[in-house]
Amino acid sequence: MNDKILIHVEGLQKEFAGGEVKALQNIDADIHSGEVVVVIGPSGSGKSTFLRCLNLLEVPTAGSIYFNHVDITDKSVDINLHRRKMGMVFQHFNLFPHMTILGNMTLAPMKLLGKSKEEAEKKAMELLTRVGLADRAGAYPSQLSGGQKQRIAIVRALCMEPEVMLFDEPTSALDPEMVGEVLEVMKELAHEGMTMVVVTHEMGFAREVGDRVIFMADGMIVEEGTPEEIFSAPKQPRTKEFLAKVL
Amino acid sequence: MAEALQSLWTELAADFHTCFIEKNRWKYLTSGLGNTLLITFFALLMGVVIGVVIAIVRSTYAKNYKEMKPGFGKKCLAVANWFGGVYLTVIRGTPVVVQLMIIYYCIFVSSNNGVLIGAVSFGINSGAYVAEIFRSGIMSIDNGQFEAGRSLGFNYVQTLRYIVLPQAFKNVLPSLANEFIVLLKETSVAGYVAVRDLTKGGDIIRGATYQTFMPLLAVAAIYLAMVMFFTHLVNILERRLRAGER
Ligand SMILES: Nc1ncnc2c1ncn2[C@@H]1O[C@H](COP(=O)(O)OP(=O)(O)OP(=O)(O)O)[C@@H](O)[C@H]1O
Ligand SMILES: [Mg+2]
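Please read all numbers here as calculations on a predicted model, not as lab measurements.

Enquirer: Even after reading the chapter, I still don't get the overall build of chain A, so can you show me in this structure?
Expert: Counting secondary structure elements, chain A contains 9 helices and 10 strands. Across its three principal axes, chain A shows a C-alpha extent of roughly 55 × 45 × 40 Å. When each of the 247 residues of chain A is scored for burial, the buried share is 55%. Here chain A contributes 26 positive and 35 negative side-chain charges, whose respective centroids are spaced 4 Å apart.

Structure representation (structure tokens):
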């Protein structure tokens, strides 16, 4: 980890239903380059909304998000260019069912980065080999298990060579016996120095892999610190209450 | 009894000869059928082009309008959506024969290319129905597909083009094929404006021979055979697509 701030969030607010739902209230946060930040909190606390604001899948109601010192909430910014550098992994994988695994992985590099088919496929095969799925390159998503789909979703995002990876509960839709294989890939990625923001209920992962843990409740960051600080010595009553339930 | 049957048979054979063999009248039916198929095919093609555009506008409006930042793009979308709505209402709210006559007498005044007039008229008509088919096809694609596309860096149009439309198209293929069959029968009113389609061909024979039963029965039989044939193809297609889903 170094001290370069990759994502800087300032006064972020997000409202839904015309202001009736205040999903995020005045969030300030920094994501440093090479850091693994784990976001935890009860259901409905705004974890997904926070993560989805980082690449503007949700458009903030107020506040700024700086990615590489560029305010991507600015209207004149082409968000599509920045999203190429921000990989995202969803709870439900969202693989493209009409394409093979290789097709899924090479589409964006070819269409957006102008890579040739050979180049894109070479990179894809390297990544597939690393996650042990090279033999499934020609398969369709529907032929894979949940754990395999999620590993593909991760390497699909990696094909764009992102600077940060955003994970929204990547193991929540998986059968228990498949959680491990996905966490393993994420762990490896973390060790290679990838900057990661991970929303998860896997407290073991948070403790072992996280550099920093953010605890959210009611659309606010209630407490943040190292895994040690949060899990062993939480300061806020809300944090204690939550951890008592999940640990 | 046998004699009566015998004479009925000779009579029918003679009628058949008058209707189809004499003066090569069968050619009215074959050329009419050719025109019917041409009109149907090009009408559907045009309908798909119109339908896809309107479906994109209307589903984009339904999904994204509220979230869009105010600006020129948002205004354009609102206007396009309004025009699309008007088109759908007018086309689906008026009889196709009236539309055909308006296009023939008011717009194509100087042309007598029947196939062209038919294809354009039925294409404009079909576009309204195809638009609804495609709209439901696009709306049926999980929002996660849009989000996955956008998160990789594709813009909205690219996401539609590479990710959403191919899936939507596959989903609506059976409905589109059905639209082709409906259209095939619907074009039978093209004769109203002197387009020589299959029905008109039968009608010309009727006028020339004063025979009613034989030519019209032949026309009906040909439509039926066509519809059964294409229905069979659609069924095969549907089975293939379902097998492809695995
Ligand atoms: N598209 C939306 N429209 C309206 N309200 C929304 C929308 N998305 C989220 N919300 C609301 O915003 C709040 C925060 O939701 P969010 O999904 O961010 O929570 P979460 O912490 O990810 O919860 P979970 O652990 O259940 O995934 C909730 O009250 C939710 O109902
Ligand atoms: Mg969530």
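Enquirer: Is there a simple way to explain the environment of V49 of chain B in this structure?
Expert: Residues and elements named next belong to chain B. Examined against the element boundaries, V49 turns out to sit in helix α2 (residues 26–64). Residue V49 is classed as exposed on the basis of its relative accessible area, which comes to 54%. Put simply, V49 and G201 are 152 residues apart on the chain and 30 Å apart in space, counted from C-alpha to C-alpha.

Enquirer: Help me understand the sheet that holds strand β2 (residues 21–32) of chain A in this model?
Expert: Hydrogen bonds along the backbone pair up the strands of a sheet, which may run parallel or antiparallel. Residue and element names in this part refer to chain A. Across the sheet, 4 strands lie side by side as β2-β1-β4-β5; this open sheet has antiparallel pairing. Two strands lie at the open edges of the sheet, namely β2 and β5 (70–71), each paired on one side alone. For strand β4 (residues 62–67) and β5, the ladder comprises 2 bridges, and the chain directions are antiparallel. Across the sheet, the residue bridging to F67 is V70, located in β5. Along the sheet, helix α1 (residues 47–54) contacts β1 (5–16), β2 and β4; its crossing angle with β1, the most-contacted strand, is approximately 125 degrees.

Enquirer: What exactly am I supposed to notice about the confidence of the model for chain B here?
Expert: Parts of the model with low pLDDT should not have their predicted coordinates read in detail. Confidence in the prediction of chain B, expressed as mean pLDDT, is 92, and 99% of residues score 70 or more. Reported for the predicted complex are a pTM of 0.88 and an ipTM of 0.94.

Enquirer: For this particular structure, what's the right way to read empty space enclosed by the protein?
Expert: Think of a ball as big as a water molecule: rolled over the atoms, this probe shows where empty space is left. By the definition in use, this model includes 2 cavities of 30 Å³ or more. Of the voids in this model, the largest cavity is the one considered here, and its volume is about 70 Å³. Of the pockets and cavities examined, the second largest cavity occupies roughly 50 Å³. In terms of lining, the second largest cavity is formed by R83, R84, M86, G87, M88, A157 and M160 of chain A together with S151 and L152 of chain B. For the lining of the second largest cavity, the secondary structure elements donating two or more residues are β6 (86–89) of chain A together with α6 (143–152) of chain B. In terms of residues, the lining of the second largest cavity owes the most to one element, β6 of chain A, which gives 3 residues.

Enquirer: Honestly, the packing of helix α5 (residues 146–158) of chain A against helix α6 (residues 176–191) of chain A in this entry has me stumped. Any pointers?
Expert: Axes are the key here: two packed helices are described by the angle between their axes and the distance separating the axes. Residues and elements named next belong to chain A. Running from amino to carboxyl end, α5 crosses α6 at an angle of 20 degrees, the nearest separation of the two axes being 8 Å. Classified by the angle their axes make, α5 and α6 are roughly parallel. Of the two elements, α5 crosses α6, and the hand of that crossing is right-handed. Residue-level inspection shows G146, G147, Q148, Q150, R151, I154 and L158 of α5 in contact with α6, the latter providing M178, E181, V182, V185, M186 and L189. Residues that form the contact of α5 with α6 fall into these classes: 7 nonpolar, 4 polar and 2 charged.

The rules behind the values
- Residues numbered from 1 in each chain as written.
- Chains lettered and ligands numbered in written order.
- Predicted model: local features only at pLDDT ≥ 70, side-chain atom pairs only at ≥ 80, totals over all residues.
- Heavy atoms only, no water.
- Helix = DSSP H or I, 4+ residues; strand = E, 2+ residues; numbered from the N terminus.
- Buried < 20%, exposed > 50% of the residue type's maximum accessible area, 1.4 Å probe, protein only.
- Lys, Arg positive; Asp, Glu negative; His and termini not counted.
- Charge placed at Lys NZ, Arg CZ, Asp CG, Glu CD.
- Pairing = 2+ DSSP bridges.
- Contact = heavy atoms within 4.5 Å.
- Axes fitted to C-alpha atoms, helices over the stretch in contact; angles between N-to-C directions.
- pLDDT = per-residue confidence, 0-100.
- 1 Å grid on protein atoms, 1.4 Å probe; cavity = no way out; pocket = protein on both sides within 12 Å on 5 of 7 lines; lining within 4 Å.
- Points joined across faces, edges and corners; volume = space filled by probe spheres on them.
- Parallel < 35°, antiparallel > 145°, perpendicular 65-115°, else oblique.
- Left-handed = near helix turned anticlockwise from the far one by under 90°.
- Nonpolar A, V, L, I, M, F, W, Y, C, P; charged D, E, K, R; others polar.

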